[in-house]
Amino acid sequence: MNYQETIDYLYQLLPVFHREGKKAYKADLKNTLAICEHLGNPQQKFKSIHVGGTNGKGSSSHFLASILQEAGYKTGLYTSPHLKSFTERIRINGRPIPEQEVVDYVERNKSFILDLRPSFFECTVGLAFEYFASQNVDIAIIEVGLGGRLDSTNVITPELSLITNISFDHTDILGNTIEAIATEKAGIIKPEIPVVISQRQPEADTVFQNKANSTSSLISFASDRYKLNEYSVCENFVKIEYFDIQNKEVIKLQSQLTGKYQIDNLKGIINAVDILNSRGFTISKNALERGVSQVVTNTDLKGRWQLLQEKPTVVCDTGHNLAGILENLETLGKYKYQQLWMVLGFVSDKDIQGILDILPKSAKYVFCQADVPRALDARDLQKLAKDFQLEGSVINDVNEAIDWVVQHANEDDFVYVGGSTFVVAGIHQL
């Protein structure tokens, strides 16, 4: 099989969460452990950092990878889902895994995969671990897929665990309280391995503290140590200034990722870098600054408050749950514009009514539909939005929707595109 045939084969053979949702989720580590054993336990052959959370874990993973690259380390990065190509999920120093490596992995292990029938995600985790081991990476950043405790990535023993924001998402799997969700996320805290919590949240703090106590893990709440002095949006970047209470020093950063939600993510990143240095890594202040300022360039991260065009301003973002959309609305407050347009589509298993309830009624809406089986029908979304006094038209294809809005908007209008990772993934301009 060639590369595309290989990917199609895996999609047809294995349950795929980003297409099918809950029924594709395997709530234990048996298959992953079996895959790792079959591959010679590659996860034990490289150092790693484990990154979990509800919102912010993808951005944080890319920040860490960029910083470690700037510090001179050969750095693996495993994230999910992908936006354009499957190979985005597995990178070394920003370069995606070669397509032939994917083909060879499936060919070598086809009979084992046929016997085990793992999920698509479990199969992919094995590929990532084997590739990082074979390429002798110095360290790999491993982003949790879903939850933490039972996530397929949770077979590693990292140098450090990092947990970002906790909010409501995948409640049908992880639980419908912050405490329950935090308990699942806390599953990546390992015995005597330090953990950084990016921001304090009252309902989650006790869960993390208790878990860290039970595993004798040093726990750091980054928001206790780093206080925001300044946040300002410039042309295509932001300036952020923190005060390090512990060291009594000012930390000034510029970031290509401009969403306001990066303020808390970066607190966790700075704290993580400090702990990595205490564990034998050498990450200079310059590497930190350059890694943050060059994160998109170094890792090719897409879809995080990404500017698609100007006049009118068109921005897309992969925020897809209530907390993520709320953060994006706060970021919108930093911009000046005449009219706000929102091109939105959702998958059907999200708290869509909760999101619609917080959206501005003064915006003009176009409802679209992602090209995945879980997508909510755009006309159903239009009807549901009317219950919240949100009026708009339906254009199923996100690209046609963007084109239509750009034709009808004024130069000083603002166009926001999002609601789902898979809506953003469908944008041709990414």
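Data block above holds the structure.
Residues numbered from 1 in each chain as written. Predicted model: local features only at pLDDT ≥ 70, side-chain atom pairs only at ≥ 80, totals over all residues. Heavy atoms only, no water.

Caption draft 1: Highlighting the overall build of the chain. When its secondary structure is counted, the chain shows 18 helices and 17 strands. With the principal axes as the frame, the chain shows a C-alpha extent of 55 × 55 × 35 Å. Relative to its 430 residues, the chain shows a buried fraction of 60%. Look at the contacts in the chain between residues 6 or more apart in sequence, and 74% of them connect residues 24 or more apart. Total accessible area computed for the chain in this model is approximately 17300 Å², and 45% of it derives from carbon and sulfur atoms. Side-chain charges in the chain split into 43 positive and 53 negative, and the spacing between the mean points of these groups amounts to 3 Å. (Helix = DSSP H or I, 4+ residues; strand = E, 2+ residues; numbered from the N terminus. Buried < 20%, exposed > 50% of the residue type's maximum accessible area, 1.4 Å probe, protein only. Contact = heavy atoms within 4.5 Å. Areas by Shrake-Rupley, 256 points an atom, 1.4 Å probe, with all protein chains shown as cover. Lys, Arg positive; Asp, Glu negative; His and termini not counted. Charge placed at Lys NZ, Arg CZ, Asp CG, Glu CD.)

Caption draft 2: Spotlight on the side chain of Asn 31. Here Asn 31 is to be found in helix H3 (residues 30-38). A polar contact is formed between the side chain of Asn 31 and the side chain of Glu 122, at a distance of 3.1 Å. (Polar contact = N/O pair within 3.5 Å; in protein donor to acceptor, adjacent residues only side chain to side chain.)

Caption draft 3: Spotlight on the pairing of strand E12 (residues 306-309). Summarising the sheet, E12 and strand E13 (residues 313-316) pair through 3 bridges and their orientation is antiparallel. Residue pairing for E13: Leu 307 is matched across the bridge by Val 315. (Pairing = 2+ DSSP bridges.)

Caption draft 4: A look at the state of the cysteines. For the coordinates displayed, the defined rule picks out 0 disulfides. The thiol of Cys 36 is not disulfide-bonded; the next cysteine sulfur, from Cys 123, is found 11 Å away. Residue Cys 36 is classed as buried on the basis of its relative accessible area of 1%. Cysteine Cys 368 shares no disulfide, and the gap to the nearest cysteine sulfur, in Cys 316, comes to 12 Å. Since its relative accessible area comes to 0%, Cys 368 is described here as buried. (Disulfide = S-S within 2.5 Å.)

Caption draft 5: Main features of a negative patch on the surface. Where like charges cluster on the molecular surface, the negative patch consists of Asp 371, Asp 397, Glu 400 and Asp 403. Tracing the backbone shows Asp 371 in the loop between strand E15 (364-367) and helix H16 (378-386). (Patch = residues over 30% accessible without salt bridge, like charges linked within 9 Å, V, L, I, M, F, W, Y side chains within 5 Å. Salt bridge = Lys/Arg side-chain N within 4 Å of Asp/Glu carboxyl O.)

Caption draft 6: Structural detail: H16. Buried residues of H16: Ala 378, Leu 381, Gln 382 and Ala 385, and no others. Down the axis of H16, the sector holding all buried residues measures 100°, keeping them to one side. (Arc of directions from axis to C-beta.)

Caption draft 7: Broad picture of the sheet that holds strand E8 (residues 219-221). Sheet architecture is open: 8 strands sit in the order E4-E3-E2-E5-E1-E6-E7-E8, paired in mixed fashion. Two strands bound the open sheet, and with one partner strand each, they are strand E4 (95-96) and E8. Its contacts with the sheet put helix H11 (residues 262-278) on strand E1 (47-52), strand E6 (160-163), strand E7 (195-197) and E8, and the angle it makes with E6 is roughly 170°. (Axes fitted to C-alpha atoms, helices over the stretch in contact; angles between N-to-C directions.)

Caption draft 8: Highlighting the environment of Lys 110. Within the secondary structure, Lys 110 sits in helix H5 (residues 99-116). Measuring from C-alpha to C-alpha, the distance between Lys 110 and Phe 168 comes to 37 Å, with 58 residues separating the pair along the chain. Dropping the residues within four chain positions of it, Lys 110 is found in contact with Met 1 and Tyr 9.

Caption draft 9: Local environment of the pattern of salt bridges. Following the criterion strictly, the structure yields 13 salt bridges and no others. Taking the shortest distance from any N to any O, the salt bridge between Lys 302 and Asp 300 comes out at 3.3 Å. Among the residues examined, Lys 302 registers a relative accessible area of 18% and is labelled buried. Among the ionic contacts, a cluster of salt bridges with common partners joins Arg 91, Asp 300 and Lys 302.

Caption draft 10: Summary view of the sheet that holds strand E9 (residues 226-233). If you walk across this open sheet you meet the 3 strands as E9-E10-E11, and the pairing is antiparallel. The sheet is open, and its two borders are formed by E9 and strand E11 (249-255), each paired with just one other strand. Averaged over neighbouring strand pairs, the angle between their axes works out to 20° when direction is ignored. Examined bridge by bridge, strand E10 (residues 238-244) and E11 share 7 bridges and lie antiparallel to one another. Pairing of Ile 240 across the sheet is with Leu 253, part of E11. Relative to E9, H11 is tilted by about 130°, and along the sheet it contacts E9, E10 and E11.

Caption draft 11: Seen up close, the environment of Lys 260. Of note, Lys 260 is situated in the loop between E11 and H11. A residue is classified by how much of its surface remains accessible, and Lys 260, at 27% relative accessible area, is partly exposed. Separated by 70 residues in the primary sequence, Lys 260 and Glu 330 have C-alpha atoms spaced 7.1 Å apart. Not counting chain neighbours up to four residues away, the residues in contact with Lys 260 comprise Tyr 231, Glu 330 and Thr 331.

Caption draft 12: Representation of the pairing of E15 within the structure. By the bridge criterion, 4 bridges tie strand E14 (residues 340-344) to E15 in an arrangement that is parallel. The residue of E15 that forms the bridge with Leu 344 is Phe 367. Considered for its hand, the β-α-β crossover made up of E14, helix H15 (residues 352-358) and E15 is right-handed. This β-α-β element, E15 to H16 to strand E16 (residues 392-394), shows right-handed connectivity. (Right-handed = clockwise from strand over helix to strand, strands pointing away.)

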